[in-house]
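Structural features, examined
Now for the letters of each chain:
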Amino acid sequence: MTRVFNFSAGPAALPEPVLRQAAEEMLDWHGSGMSVMEMSHRGKEFIAIHAEAEALLRKLLAVPANYKVLFMQGGAIGENAIVPLNMLRGRAKADYIDTGEWSKKSIKEAQKYCSVNVAASAKDSGYTRIPPRDSWKLDPDAAYVHITGNETIGGVEYHWTPDVGAVPLVSDMSSNILSRAIDVSKYGLIYGGAQKNIGPAGLTIVIVRDDLIGQALPICPSAFDYKIVADNDSMYNTPPTYAIYIAGLVFKWIEMQGGVSAMEAHNRKKAAVLYDYLDSTRFYTCPVAREDRSLMNVPFRLPDERLDEPFLKGAQARGMVQLKGHRSVGGMRASIYNAMPIDGVRALVVYMKEFEAQHA
Ligand SMILES: *Cc1c(COP(=O)(O)O)cnc(C)c1O
């Protein structure tokens, strides 16, 4: 068996020890005689798996007691609708910060439910930076302010938490949740699909301050009403049980690596290996402003598009896959989430240098 270095933006690589444990437990979880996939979500085994996953996530992110942790479905794109359905709370307007492809999607969806004020946009910079806070034109009557914590496609990330006063801050952290320490109390709501940094697709994480729930629009589907989901311990309908189990194993793995701060230190080191090289050469270019570069998704270009295919082929031959950039922006993108070992990034840089020497 050969495992590749998988630079996919999502669904993405998972820690190998997690996959091994899941394989070992596949047919018989802890003497239950069943796979987790076959368990009733109301049975004591799964309730324990679910409770442990939630407790670990709370511990890793130091989630304050007045926040609910919800395990939902529908992905971040589903949440783009679920957020306004729940968070408008009698208001008709929301502020959005436009930093790229994912914010644009969030904005478009929210416009179905409310009047969206794009309080700042990075469009003028070609989405290569986060608009500085002092340029934001926030509406004091907005129900919330929405940001995209990490733009998975553009490789632009907030390295600071915006102060938006008393208006709740909502962040789509699909691609950087658990990659770095955050102060949850500065947010009203954090959401993200699991398939980048947490586990299999199908699970969506929502962390929401409890005073913000309970005022969903009447048209909000019951299964997506945060209050109903919270009151039923995320089991109003059948939750994505297997994905929650794997997420729990990943949380345990992060804890064993030393927690989120240790993960962050490791991620900074990993990202530096790649960015330092990108900055040292004129062959490859990274379009993103230095201070806003993502630790998770590193976009870069070759000097000529005709080199893209040979570059990808050579990478594949060396066991490095999924380096092609998103179709909307082109070029290359290396996604280096928590589960990507530093050796994978080093191997990529060695290959990039070789390729440069051959084609420069
Ligand atoms: C991947 C991603 C999404 C889309 O998530 P789905 O699970 O496909 O709905 C949304 N936002 C960000 C920031 C992402 O990285």
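All residue numbers here refer to positions counted from 1 along the written sequence of the relevant chain. Given that the model is predicted, a residue must reach a pLDDT of at least 70 before its local features are reported, and side-chain atom pairs must reach 80 or more before they are shown or counted; all residues, however, enter totals for whole chains, interfaces and linings. Processing note: side-chain calculations cover all non-hydrogen atoms of the structure and skip hydrogens and water entirely.

**Observations concerning the packing of aromatic side chains**
Condition: Aromatic rings from Phe, Tyr and Trp, taking only the six-membered ring of Trp, are treated as a pair when their centres fall within 6.5 Å; an angle between ring planes under 30 degrees marks them as stacked, one over 60 as edge-to-face, and anything in between as tilted. Helix and strand assignments follow DSSP, with helices taken as H or I runs no shorter than four residues and strands as E runs no shorter than two, numbered in order from the N terminus. Relative accessibility under 20% of the residue-type maximum defines a buried residue, over 50% an exposed one, and the middle range a partly exposed one, all with a 1.4 Å probe and only protein chains included. For a Lys NZ or an Arg CZ to count as sitting over a ring, it must be within 6 Å of the ring centre and within 35 degrees of the ring normal.
Per the stated rule, a full pass over the model turns up 14 aromatic pairs. With 6.0 Å between their ring centres and 80 degrees between their planes, Phe300 and Phe311 make a pair best called edge-to-face. Highlighted residues: Phe300 in strand β11 (residues 297–300) and Phe311 in helix α8 (residues 308–317), separated in sequence by eleven residues. Residue Phe300 shares its accessibility class with Phe311, and that shared class is buried. Ring pairing ties together the aromatic residues Tyr277, Phe283, Tyr284, Phe300, Phe311, Tyr351 and Phe355, which thus form one cluster. Here the guanidinium or amino end of Lys105 rests over the ring plane of Trp102, the centre of that ring lying 4.9 Å away.

**Section: the site of the ligand**
Stated precisely, the cut-off is as follows: What makes a residue near a molecule or strand is one non-hydrogen atom of that residue sitting within 4 Å of it. In protein, a polar contact requires one atom able to donate a hydrogen and another able to accept it; more generally it is a pair of N or O atoms within 3.5 Å, and residues adjacent in sequence count only if both atoms are side-chain atoms. Working definition of accessibility: Shrake-Rupley area with a 1.4 Å probe, residue cover restricted to the visible protein chains.
Inspection of the region around the ligand gives Gly75, Ala76, Ile77, Trp102, Thr148, Asn150, Thr152, Asp172, Ser174, Ser175, Gln195 and Lys196 as its neighbouring residues. The backbone of Ile77 places a nitrogen or oxygen atom 2.8 Å from an oxygen atom of the ligand. Take Lys196: an N or O atom from its side chain is 2.6 Å from an oxygen atom of the ligand. Within the complex, 86% of the 390 Å² of free accessible area of the ligand lies under protein. Ranked by residue count, the leading element in the shell around the ligand is helix α3 (residues 75–87), at three residues.

**Side note on the sheet that holds strand β8 (residues 169–172)**
Stated formally: Here, a strand pair is defined by DSSP locating no fewer than two bridges between the strands. Axis lines are fitted to C-alpha atoms, over the contacting stretch for helices. Their N-to-C directions set the angle, which ranges from 0 to 180 degrees. The contact rule is simple, with two residues in contact once any of their heavy atoms fall within 4.5 Å.
Judged by pairing direction, the sheet is mixed, and its seven strands sit side by side in the order β2-β10-β9-β8-β5-β3-β4 without closing on themselves. The open sheet has two edge strands with one neighbour each: β2 (67–72) and β4 (115–121). If you compare each strand with its neighbour and ignore which way they point, the axes differ by 20 degrees on average. Note that strand β5 (residues 145–148) and β8 share four bridges and pair parallel. By the bridge assignment, Ile147 is partnered in β8 with Ser171. Sheet strands in contact with α3 are β2, β3 (93–98), β5, β8, β9 (189–193) and β10 (204–209), and its direction is about 155 degrees off that of β9. Packed on one face of the sheet, helix α4 (residues 101–110) meets β3, β4, β5 and β9 and runs near 160 degrees to β3.

**Details of helix α2 (residues 44–60)**
Residues separated by three or four positions in an α-helix point in the same direction, a consequence of the helix having 3.6 residues per turn. How we decide: Here, expected helix span is obtained from the residue count minus one, scaled by 1.5 Å. Think of the arc as the fan of directions from the helix axis to the C-beta atoms.
Its 17 residues place the ends of α2 24 Å apart at the C-alpha level, agreeing with the 24 Å of an ideal helix rising 1.5 Å per residue. Of all the residues in α2, the buried ones are Phe46, Ile49, His50, Ala53, Leu56, Leu57 and Leu60. The buried side chains of α2 occupy one side of the element, clustering within an arc of 130 degrees when seen end-on. Within α2, the exposed residues directed more than 90 degrees away from the buried face are Lys44 and Lys59. Summarising the contacts, the buried residues of α2 are in contact with β2, β10, α6 (241–256) and α7 (259–280). Looking one or two places after α2, you find Ala62, whose phi comes out positive at around 45 degrees.

**Quick look at α6**
Between its first and last C-alpha, α6 extends 23 Å over 16 residues, near the 22 Å set by a 1.5 Å rise per residue. Of all 16 residues that make up α6, 13 are buried, and the element is covered over most of its length. Gly258 sits one or two residues past α6 and shows a positive phi near 110 degrees.

**Looking at unusual backbone geometry**
Pro11 follows Gly10 through a cis peptide bond whose omega is -10 degrees. Position of Pro11 relative to the elements: it lies in the loop between β1 (5–6) and α1 (16–24). The phi torsion at Tyr127 lies on the positive side, around 60 degrees, for a residue other than glycine. You will see that Ser234, though not glycine, has its phi angle at about 60 degrees, which is positive.

**Here we look at the domain arrangement of the protein**
We count it as follows: For each domain, the first and last residues come from an automatic or database assignment. Here the buried area means the combined drop in accessible surface, using a 1.4 Å probe, for two parts upon being joined, counting both sides. One speaks of a salt bridge when a side-chain nitrogen belonging to Lys or Arg is within 4 Å of a carboxyl oxygen belonging to Asp or Glu.
When cut into domains, the protein gives domain 1 (16–257) and domain 2 (259–359). Here the C-alpha centre of domain 2 lies 27 Å away from the C-alpha centre of domain 1. Between domain 1 and domain 2, a total of about 2,100 Å² is buried, with carbon and sulfur atoms accounting for 54% of that surface. Where domain 1 meets domain 2, there are zero salt bridges.

**Some remarks on the nonpolar core**
Note the cut-off: Side-chain atoms within 4.5 Å are what join buried Ala, Val, Leu, Ile, Met, Phe, Trp, Tyr and Cys residues into a set we call a nonpolar core.
Core analysis: the biggest nonpolar cluster contains 88 residues, and Leu178 and Tyr284 have the highest contact counts within it. The greatest single-element share of this core, amounting to eleven residues, is contributed by α6. The residue makeup of this core includes at least three contributed by each of domain 1 (16–257) and domain 2 (259–359). Setting aside its immediate chain neighbours within four residues, Tyr284 contacts Tyr277, Leu278, Phe300, Arg301, Leu302, Phe311, Met352, Phe355 and Glu356.

**Comments concerning the pattern of salt bridges**
Summed over all chains, the structure comprises 19 salt bridges. The partner of Glu157 in a salt bridge is Arg180, and the shortest N-O contact between them spans 2.7 Å. Of this pair, Glu157 sits in strand β7 (residues 156–157) while Arg180 sits in the loop between β8 and β9, and the two are 23 residues apart along the sequence. Among the ionic contacts, a cluster of salt bridges with common partners joins Arg3, Glu16 and Arg20.

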